[in-house]
Amino acid sequence: MKKAMLIGKSGSGKTTLIQLLSSEKIRYNKTQAMEYYPEFIDTPGEYIESRRYYSAIISSVDQCENMVLVQSATDQDSVFPPNFAKTFNQNILGVITKIDKDSAKIEEAEKILQRAGVNKIFEISSITKKGLAELKKYLKIK
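Since the model is a prediction, treat every value here as computed from it, not as a measurement.

### Comments concerning the pairing of strand 4 (residues 64-72)
Within strand 4, 8 of the 9 residues are buried, which leaves the element mostly enclosed by the surrounding structure. Both strand 1 (residues 3-8) and strand 4 contribute to a ladder of 6 bridges, which runs parallel. Residue Met5 lies in a different strand from strand 4, and its bridge partner there is Met67. Inspection of the sheet shows strand 4 paired to strand 5 (residues 91-97) by 7 bridges, in the parallel sense. Among the inter-strand pairings, Asn66 is bridged to a residue of strand 5, identified as Asn91.

### Topic: the sheet that holds strand 3 (residues 40-42)
One open sheet accounts for 6 strands, arranged 2-3-1-4-5-6; its pairing is mixed. The two strands at the open ends of the sheet, each matched to only one other strand, are strand 2 (35-36) and strand 6 (120-123). Relative to strand 3, helix 1 (residues 14-21) is tilted by about 155°, and along the sheet it contacts strand 1, strand 3, strand 4 and strand 5. With respect to the sheet, helix 5 (residues 132-139) is in contact with strand 3, strand 4, strand 5 and strand 6, its orientation differing from that of strand 5 by roughly 165°.

The rules behind the values
Residues numbered from 1 in each chain as written. Predicted model: local features only at pLDDT ≥ 70, side-chain atom pairs only at ≥ 80, totals over all residues. Heavy atoms only, no water. Buried < 20%, exposed > 50% of the residue type's maximum accessible area, 1.4 Å probe, protein only. Helix = DSSP H or I, 4+ residues; strand = E, 2+ residues; numbered from the N terminus. Pairing = 2+ DSSP bridges. Contact = heavy atoms within 4.5 Å. Axes fitted to C-alpha atoms, helices over the stretch in contact; angles between N-to-C directions.

Right, here's the structure in full:
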């Protein structure tokens, strides 16, 4: 498997998702710069929140087969421009995180990802691990 790049707003759960998919212990920390894992590239939320950082995404995405747009079910603001996914040649998928929170609005998060151009969407809970096995299988992670 080539790497998968995770892109999403600060606090959307990108690093936690990587830790879950990599079977690592969950450590909550703020990603300050791109972090390279054996199967992933973790991007700081600022890279999608500010257009001036788009070049960092574009210059690194060629190392990836998959691009994962991460949207928290508790955040109804979109940082993804309409049809953002169509900018890239990679396989684009969406992940909705924090689906088990009381304030989760999964359908709204799904609409945000669909507007961004994502067709394949996974719903993930870091607490119950719901959806994790399906995502691992899709990304061909052992």
